[in-house]
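Observations on the model geometry
The chain contents come next:
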Amino acid sequence: MNISVIGAGQMGAGIAQVFAVAGHQVSLVDISTESLDRGLASVQSSLARVLKKERITEVELATAVANISLHTDMAEGVSEADLVIEAATENVDLKLKIFAELARLAPAAAPLASNTSSISITRIAAATDRPEKVIGMHFMNPVPVMKLIEVIRGYATNDETTKMVMQLSRDLGKVPVEVTDYPGFVANRILMPMINEAMYTLWEGVADVEAIDTVMKLGMAHPMGPLQLADYIGLDTCLAILNVMQEGFGRLHYQACPLLVNMVTAGKLGRKSGEGFYDYS
Ligand code: CAA
């Protein structure tokens, strides 16, 4: 199949990688060649890890990379798409703009999926000419490793689109779980309050970063502590998701910790900016 992936960041590059490895032709679209080059470099370094573990051969690695083409022109990147997956920044206005463009540029038969981690699929679908073909396909980070795909049905999403995305997810070796469109869906509705609570625990001086993460890693067998995971996801993304839930539910319960707001305002976004709760420089 021809898969177009919009956005070559952490998630977009991972999504491009899993489809390319599975033998699909992937058109990776972003606004600058620098972003595309960074995205492809991250695919290459991720595949190099897989090669080191002898799970793929050098030929398979080269074939997967060759399956990915890079485009700064959206029209060109989606012109032959059988499925489009949007993985841009977690910003409503940006996503609405992208989906309005996709409705104009992608083949009429192509389902339009969003990797949004919390924004309403129904709202995104309303910006298009084909709400019945708009669906959430929420991958987890790191995409090549994590098995889950949260598949979100919007108000108008039809059975055909849902079945196609569920099957395609299984064909990638992932485990899709179907959920309905509600703020934060399932994954982030449960994950983000925990991460937010870890930040409040730090902010209120109950324990330091390492202590909080150690408690959750060794006490609950989580692979990463909540503050390490927040850095990994990106603090701006965590804040955006909490804001969507706070607005969607109107409950103080989801209000972002002031420490998170301050860190994002100060440009401390976690791993991607070199500093968050930990120092990555
Ligand atoms: N590409 C390919 N392989 C990778 C990889 C990547 N980017 N990152 C890790 N791996 C592989 C490693 O090669 C290794 O393989 P083996 O098991 O065969 O040795 C395996 O994954 C484990 O990696 P490491 O040994 O380097 O490190 P680790 O054991 O600490 O695991 C981790 C790293 C998989 C990231 C683990 O720490 C983990 O599972 N963390 C939690 C991740 C998580 O919760 N993700 C969800 C975030 S929420 C989200 O994404 C949704 C949202 O909307 C916010």
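What counts, and where the lines are drawn
The residue numbers shown here count from 1 along each chain, following its written sequence. Given that this is a predicted model, residues contribute local features only at a pLDDT of at least 70 and side-chain atom pairs are listed and counted only at 80 or more, while totals for whole chains, interfaces and linings are drawn from all residues. Note that the side-chain values use all heavy atoms of the structure and ignore hydrogens as well as water. UniProt positions are given in the numbering used here, feature names are shortened, and annotations may be inferred rather than shown by experiment. A helix here means a DSSP run of H or I that spans at least four residues, while a strand means a run of E at least two residues long, and both kinds are numbered starting from the N terminus. Each radius of gyration is computed over the set of C-alpha atoms, and the globule rule expresses the reference value as 2.2 Å times the number of residues to the power 0.38. Working definition: with a 1.4 Å probe on protein chains only, accessible area under 20% of the residue-type maximum means buried, over 50% means exposed, and in between means partly exposed. Here the Shrake-Rupley method, with its probe set to 1.4 Å, supplies the accessible areas, and only the displayed protein chains count as covering residues. Positive: Lys, Arg. Negative: Asp, Glu. His and the chain ends are not part of the count. By convention, charge coordinates are those of NZ in Lys, CZ in Arg, CG in Asp, or CD in Glu. Throughout, near means a residue has at least one heavy atom within 4 Å of the molecule or strand. Whenever two N or O atoms come within 3.5 Å, that pair is a polar contact, provided that in protein one can donate a hydrogen and the other can accept it, and provided that, for residues adjacent in sequence, both atoms are side-chain atoms. Polarity classes work like this: nonpolar for Ala, Val, Leu, Ile, Met, Phe, Trp, Tyr, Cys and Pro, charged for Asp, Glu, Lys and Arg, and polar for all others, with Gly in that last group. Between the rings of Phe, Tyr and Trp (Trp by its six-membered ring), a pair exists once the centres lie within 6.5 Å; its type follows the angle of the planes, with under 30 degrees stacked, over 60 edge-to-face, and the other angles tilted. Think of a salt bridge as a Lys or Arg side-chain nitrogen and an Asp or Glu carboxyl oxygen that are within 4 Å of each other.

For the protein, the name recorded in an unreviewed UniProt entry is 3-hydroxybutyryl-CoA dehydrogenase, with Neolewinella antarctica as its organism. Comment text from UniProt for the protein, heading Sequence similarities (unreviewed entry), reads "Belongs to the 3-hydroxyacyl-CoA dehydrogenase family."

**What to know about the overall build of the protein**
Assigned secondary structure in the protein consists of twelve helices and eight strands. Whereas a compact globule of 281 residues would reach a radius of gyration of roughly 19 Å, the protein reaches 19 Å, a difference of no more than 12%. Taking the principal axes of the C-alpha coordinates as reference, the protein spans close to 55 × 45 × 30 Å. For the protein, the residues scored as buried account for 51% of the 281 residues in total. When the accessible surface of the protein is totalled, it reaches about 13300 Å², and 55% of it is carbon and sulfur. Mean positive and mean negative side-chain charge positions of the protein (22 and 32 charges, respectively) differ by 4 Å.

**Examining the site of the ligand**
With respect to spatial proximity, 18 residues lie near the ligand, and among them Ser-46, Lys-53, Arg-55, His-138 and Asn-141 are the closest. Arg-55 places a side-chain nitrogen or oxygen 2.4 Å from an oxygen atom of the ligand. When the ligand is considered free in solution it has 1000 Å² of accessible area, and contact with the protein chains removes 68% of it. Mapped onto the shell around the ligand, the elements with two or more residues apiece are helix 2 (33-52), helix 8 (187-203) and helix 10 (226-233). Grouping the amino acids of the shell around the ligand by side-chain chemistry returns ten nonpolar, five polar and three charged.

**Considerations on the packing of aromatic side chains**
Across all of its chains, the model carries three aromatic pairs by this definition. Between Tyr-182 and Phe-249 the ring centres are 5.6 Å apart and the planes differ by 70°, which places this aromatic pair in the edge-to-face class. Taken together, the residues Tyr-182 in the loop between strand 8 (175-180) and helix 8 and Phe-249 in helix 11 (residues 235-249) connect sequence positions 67 residues apart. With relative accessibility at 49%, the residue Tyr-182 sits in the partly exposed group. You can call Phe-249 buried: its relative accessible area is 16%.

**Focus on the pattern of salt bridges**
Counting across every chain of the model gives seven salt bridges. The shortest N-O distance in the salt bridge between Glu-90 and Lys-95 comes to 3.6 Å. Accessibility expressed as a relative area gives 1% for Lys-95, which makes it buried. When the shortest N-O distance is used, the salt bridge between Glu-178 and Arg-153 registers 4.0 Å. A residue pair is termed long-range when its members are at least 10 positions apart, and Glu-178 in strand 8 and Arg-153 in strand 7 (residues 148-153) qualify at 25 residues. For Glu-178, a relative accessible area of 42% puts it in the partly exposed group. A single network of salt bridges, built from pairs that share partners, joins Glu-86, Glu-90 and Lys-95.

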